[in-house]
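Summary of the model geometry
Here's the letter readout for the chains.
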Amino acid sequence: MTLFKQRADKFFQTMSRTLIRHRFKTLLLVFTLFFALASNLGKLGIDASTEAFLHHNDPSLLSYNKFKHQFGNDDLILIAIESDQIFTLDFFNTLNQLHNELEANVPYIDDITSLINARNTFGKDDSLYVNDLCDPFPTTQADIDDIRKRALSNPLYENLVISGDGRVTSIVIQLVASPKLNEAELLAGFEDDTEAAVEDQTTTDAWLTVEQNGEAVEAVWAVLESYRDKGFHISLSGTASVNHFIKDILLIDTARFLKLAYLGVMVFLVIVFRRVTGVIAPILIVTLSLISALSLMAITGVPFKIPTEILPSFILAVGVGYSVHILALFYNRLKKGATREDAIAYATGHSGLAVVLTGLTTSAGLFSFSGSEVAPIAELGLFGGAGVFFAMIYTFTLLPPILSFVRLPRGETGEARKGLDPLLESIARFSTTYPVHILVVSFLFFLGACLGLPRLNFSHDILRWLPETEVLRIDSERIDASLKGSVNMEIVMDTGRENGLYDPDFMARLDAAANRIAALQTPEVTAGKVWSIADVLKETHKALHNNQDAFYTLPGTRELMAQELFLFENSGTDDLEDFTDSQFSLVRVSVKLPFIDAVAYNGYINQVNELLEKEFPELSIETTGLIMIYSKVIAAGIDSMGKSYIYAFGTISLMMILMLGNIRIGAIAMIPNLIPIVLTLGLAGWLSIPVSLFIMLVGNIAMGLSVDDTIHFMHNFKHYFGKTGDAAEAVKKTLLTAGRPMMITTIVLTMGFFIYLFSDMNHLTHFGLLTGLAIILALVADFFLAPALVMVLYRKRPVRPLSGLAGAKAAIIFFTLAAVPLAYSVAQAQTAGLDDKEARAIMEAVDERYDGDDRTSSMTMMLIDKNNNQRVRHLKVFTRDEGPDTWSAMFFLSPVDVRDTAFLSHDIDKTNDDDQWLYLPALHKVKRIASDDKTASFMGSDLSYADMTDRELELYDFTILKEVEVRGNPCWVIQSIPRTPQVVKDFGYTKSILFVRKDCYVVVRSIHFVQEGNKLKYLDIPKLEKIDDIWTALELQVTTKKGKKTLHKTILQYKDIVYNQGLPGNIFTTRQLEKGIN
Amino acid sequence: MNIPVSGKSWACSFWAHFFPGLVIGFCIILLAGTLANALASAGETDLDLLLEEFETQDTVAGIETPVSAPSETPEWIDIYGSLSASSVIRTDPGSRDRLAELEAELTLKARVDPGWDWHFFTDTLASHDLAPALGDHFEDPYRSSVERELEVREMWIRKSLTPWLDLKLGRQIVAWGSSEVFRLVDVVNPTDQREFAMTDIEDIRLGQTMTRMDMYTGPWNLTLLMVHGDRTPRTPEQGSDFYLWDAPLPDLVDTDTGLDRPGFAGALTGRFTGWDAGLYLARVNDDTPYTFQDNQGIDRLKYPKINMAGLTLAKTFGNILLKSEMAFLDGLKFSQAPEREFQGLDVLAGIEYSGFTDTTITLEMVNQHIFSLDADVANALERMKKNHVESALRLTRDFKNDTIHLTVVAGFMGATGQLGTFQRAEIEVDWSDTVYLKFGGILYHNGDSNLFEKIQDNDRIFFSICKDFSLSGM
């Protein structure tokens, strides 16, 4: 990984230098591509409708569209007029005037219903009449009294056109479902294939658009304005109105956030850099990124929706961070006297990899939304990720050329380093001095937050997004209280046969079911009204029986039912199509409910579904309407969020592990990312902040962003720890270099999210508050928790024999769960020691001992497991030194299953990776092996690949522990400690104890402390002889133990050893691997 | 739509169990590992105690150190092989016979090294499957194809003519490319396609009679091949679960290769520090046959001769091996347009990660592009796509000092697996140096492709036991 980082740094340096050399061409190319992309921006649409929350192929949406096609729009504009004088001549005159004005001025009206034209069904002279309630229009108070009597006694009117107490009346405006559809229907009489055309339109974008809906609502609002001072109170609500006004607020909010974000970012950049380029360049880059992302939305036909309103300020806040990291280093380098090009190359080289990694993790956090069933959330993930990606690309391609134009006087950067350095140093000192305290406190916070998580409540309450003082919210709540609801749940039952309704038994069950649905209730939901074709039948039946109340019942026979519906249909009204289809096979049941939190509907909907399934097991029943869309949105949101949290966590963890090259360290590095999110969500639970779709995003967004700081921290810590081997010093240097841009980006990001506190919408203020808080907590975690974790992982301790205290320590560690990595530190406790000159000199003598230029031997490898089962392998082994490089080739001769397997290793000058190839006879080809990890077992033995290669003395500290005799030969016992974690990782040993014979400088015994699994590996050379005047091990025993328990043992016996025979180079080729050695 | 009874209780349940569970589970995983460290560390004794272990090593834990290794004497002739018994069970309850295979197999290999740098090698396989005799629904020709089998897999003689020139004659296998799963430039040998995805790529190549000449200089190796054999791929016989057609296939027309009409191939490969590269050219038979009508209007089956030009590149970055292959193919033919020849470009990208101890994870993705596949032809070529994407994920891990080997392979046809997927997992246990047990299973998942529609119910589990032997010293 270190090599990879070096190569990456070099790549970014070379790239920036190349871009600077071709800066005009680069700028031309980038801007050309940008303008090609941006030319599509004008096509970007806006859609704040409820349906836009679901993908166009979502089953719930398809079901809803099918309903709209059959029965029309259920997205209503609801006007409620409250007065104590409703049943007066003056009021009816005014109401009539308002009704007519609305009908005349509001576009896209499909139907308008009020007391003026409410259906009045009555019988006279054995005939059925279906007229408007005010037909003829009343002219005297007596007429009004008669209307009052009829209105209040008609069950169908209650809560639809008049409240139960007669104080509130309503005007219900139903807009057309599809303007194009209506045009097509008009042409139905002329064209044979109109039905097909109509069908086709329902599957395309023929529905009433948000703009058309807005036109209608605005027209209603305008008409109502002139009636507000007439002595009664007018309220406006209905989903159509709510959606329209929320769209307006969305547009205002988006513009406001964007301005605030720009302003805030610019002010901050001015304060931090005090340079024109320090402000202009980042702003330009994020602006281009934002426009590119929005253009991509336009190109792909994705409109701007409610949740995507956070996109602009998000991209702005996140994107600017990339420039800040590079600019901070650029100015710093410039201050130290570097040329512009060198400073740019240094800055991009040093931060390039980190910027790419942070870009990828942020994108991964966002892309985790892309599978969401909630369409705008998925789009936010896709295009937010794309925006971040654009920011990354523009940073790399535009920043170097732009900076190359800038003429900055050296030594005057305006940086406030001195102001921050003492603070950062203090933080480093504190976090490295009290790591255990920090871990314990962090754990206690974590525990407290976990207790808050079960208190979280999901919510999708569009109306309550608005502030309590907002007229729309007040009106809606007022209408819900007086008319018992303002949104509908629709139930469509399919009898599956023509004239299926003409069934007295079915109709009786339908009527009974409607009554039972009306009686259902949950703590939050009670139906204001339930109505269906059964009510029409009862109304008709009563009218045909001299309007006697006793006959407000269902007809008793199939024939009578068919006859009465026929009469109703032929009375001049088209109301029947609101209740059934032309075949009389479908039944629509409408349930009026209050406009509340979508989550609260769930219990009620489940009760309704259970009731219907029980009462009508033979029928196909669909529950639909806007309420179902709301419910589906929140259900899908929760489901998708759960998955995306797992995906984001898994992906980012994997990136961390791969980047740090160690599962445990990578996983531990996730702790500073995870804890802030748990704390934030726990806090939301304790503060009873409802978890809306937006709040669900907090975790993923915060994880994607906060991981950036952790990457910068770990990236720099590894770098400095590799140089110094001192964790505390490495933390200090890390905070002094990376800490500053981490603070800056955190402030910018936090500002980017805190601007949502200025929103008029409650859910956005919560979202901004929590996300900003999570990012601040992430910085705190990276400044305190991450150093504490690395301190217990990497800090040095003096060597001392372990005693019973160690056990006590382990017990303490166990109970202080927060200090999880402390346990690891115990394993590391003995891995430190000062380098001893005498010990080093001995080891140099060992290293320099002549062991021949080349060597051939036959080797027998015995593998013995803990049950004493033995496996024996025979190999032919060749080695040859070639300058600083060493070649070795091994050919397996037996047993049969490994016969002809061959292994070739080229141990290249010790600073480089080795080349390794393996020939497997079954594969019939030579396979290259990626060889950075040398800790793997060599062919099932107790030896690792690391044991097969020489080690560089500079990577270890050596100390003489004592002197002993081994088989009568005096030996030094030397402790070898890897200087850096990277060496531990590469070779797999945290420490080694070596027994060096004094007479010949041969390591005749060694004990290796294996990093994985706390195992010990004992190497012993029981047979050592001089062959060709070279000390040679004829037998090597390697035993792997855990505590006292032997896990496995390997015995290597060598014979036919020949040195310096001038082995030809062609033995060490892949050709020889294929051919074998026979 | 299934909506929970109460949003609040649902929410509580979700957060109370899921998210904290995730977090706490994460901590427990960390804790388990670190606690093990801590306890083990706590159990460490001091240096003297550690040193004492050397004195007791020979007797601890009942392990007895062998006095000496068995003798190993080079022989000029070496005969060895294996005996195995294997069984394959269909898992689909609707299968006519659950037992798909109950086979005894003998593999016999002989290596003769008479001296003067001459080498002779033969690898022969004989098997007998009892499943057809025990089952009720094994029908010819499938029955006879599996009941008994005798196959000379390899038989070649090799001679190094000079230090830089080798010659190899006879039936042999030539494996090209760096891919673990896909064959792009690896076009020389025909393949055994009888059981899709049941075996790894190493077991599907069929020996072909060839003359092979290798020249070496520095890191370079130039291989020239003359293909004399006329072997064609082994495809499923009618009656097999993997037979994809509804009717018997037409008679096969002789291939365009043979002793008198050899195929040719050549490769220039280089192995360098940190990377390998290869350039490949071949004119050989394609592995995919097509049908056409001969002069008499009779349907025929033929393997077309194709030209291939390919490139491979493999590069290591630490524990990561990046692999890429590209093969340009000319002369492709399809049954739906037998009169036309097509050109194709296959591109592969792969990554192999070996940073986890004793574990290798490989992800490979290939895109097969067919040129000139205009709309008319695409319609005619049912389900033929201009671009066809396949990918595979492979994980291997060794446990217990290489005595247990786990292999998991997942294949995805189509960019998102929409054309079908399969997963195969197997565990091989080395019971001893010469006895191995294997157990595994394979699952096929349907997709929008003819292949997976046919094989979707072919899920299987398999067992085998194998005993190696050596007759050295004859």
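Read on for a plain summary of the structure. All of these numbers come straight from a predicted model, not from anything done at the bench. (Residues numbered from 1 in each chain as written. Chains lettered and ligands numbered in written order. Predicted model: local features only at pLDDT ≥ 70, side-chain atom pairs only at ≥ 80, totals over all residues. Heavy atoms only, no water.)

Let us now look at the overall build of chain B. Regarding its fold elements, chain B presents 6 helices and 21 strands. Taken across its 474 residues, chain B has 48% of its residues classed as buried. Taking contacts inside chain B between residues at least 6 apart in sequence as the whole, the part at least 24 apart equals 57%. As displayed, chain B offers around 22,200 Å² of accessible surface, 60% of which is attributable to carbon and sulfur atoms. (Helix = DSSP H or I, 4+ residues; strand = E, 2+ residues; numbered from the N terminus. Buried < 20%, exposed > 50% of the residue type's maximum accessible area, 1.4 Å probe, protein only. Contact = heavy atoms within 4.5 Å. Areas by Shrake-Rupley, 256 points an atom, 1.4 Å probe, with all protein chains shown as cover.)

What follows covers the packing of aromatic side chains. Residues and elements named next belong to chain A. By the definition in use, this model includes 41 aromatic pairs over all chains. Consider the rings of Trp221 and Phe245, whose centres lie 5.5 Å apart with planes at 65°: the pair is edge-to-face. A residue pair is termed long-range when its members are at least 10 positions apart, and Trp221 in helix α8 (residues 210–225) and Phe245 in helix α9 (residues 239–273) qualify at 24 residues. Residue Phe245 is classed as buried on the basis of its relative accessible area of 16%. (Phe/Tyr/Trp six-rings, centres within 6.5 Å; stacked < 30°, edge-to-face > 60°.)

On to the sheet that holds strand β5 (residues 168–175) of chain A, then. Residues and elements named next belong to chain A. The strand order across the open sheet built from 4 strands is β2-β5-β1-β6, with neighbouring strands paired in antiparallel fashion. The open sheet has two edge strands, β2 (109–113) and β6 (233–237), and neither has a second partner. If you compare each strand with its neighbour and ignore which way they point, the axes differ by 15° on average. Here strand β1 (residues 76–82) pairs with β6 via 5 bridges, running antiparallel. Paired with Glu82 across the bridge in β6 is His233. Sheet strands in contact with α8 are β1, β5 and β6, and its direction is about 15° off that of β1. Across the sheet, α9 lies against β1 and β6, angled at about 105° from β1, the strand it touches most. (Pairing = 2+ DSSP bridges. Axes fitted to C-alpha atoms, helices over the stretch in contact; angles between N-to-C directions.)

All names here are of chain A. A contiguous patch of negative charge on the surface is contributed by Glu844, Asp847, Glu848, Asp851, Asp853, Asp881, Asp950 and Glu954. Here the element with the most residues in the negative patch is helix α31 (residues 837–848); it accounts for 3 residues. Of note, Asp851 is situated in the loop between α31 and β11 (854–865). Take Asp851: its relative accessible area is 44%, and that puts it in the partly exposed class. (Patch = residues over 30% accessible without salt bridge, like charges linked within 9 Å, V, L, I, M, F, W, Y side chains within 5 Å. Salt bridge = Lys/Arg side-chain N within 4 Å of Asp/Glu carboxyl O. Lys, Arg positive; Asp, Glu negative; His and termini not counted. Charge placed at Lys NZ, Arg CZ, Asp CG, Glu CD.)

This brings us to the pairing of strand β14 (residues 320–332) of chain B. Side-chain positions along a regular strand alternate between the two faces of the sheet. All names here are of chain B. Judged from the 11 bridges that link them, strand β13 (residues 305–317) and β14 form a sheet pairing that is antiparallel. Bridging across to β14, Met308 finds its partner in Leu329. The turn joining β13 and β14, which pair antiparallel and follow one another in sequence, is formed by 2 residues; a positive phi near 60° is taken by Gly318. Here β14 runs beside strand β15 (residues 342–353); their pairing, made up of 12 bridges, is antiparallel. The partner of Leu322 across the bridge, within β15, is Ile351.

Right, let's talk about the environment of Leu735 of chain A for a bit. Residues and elements named next belong to chain A. As for its position among the elements, Leu735 is in helix α26 (residues 727–737). What makes Leu735 buried here is its relative accessible area of 0%. As for Leu735 and Phe783, which are separated by 48 residues in sequence, their C-alpha atoms are 7.6 Å apart. Once residues lying within four places of it in the same chain are set aside, the contact partners of Leu735 are Leu424, Ile427, Ala428, Phe713, Arg740 and Phe783.

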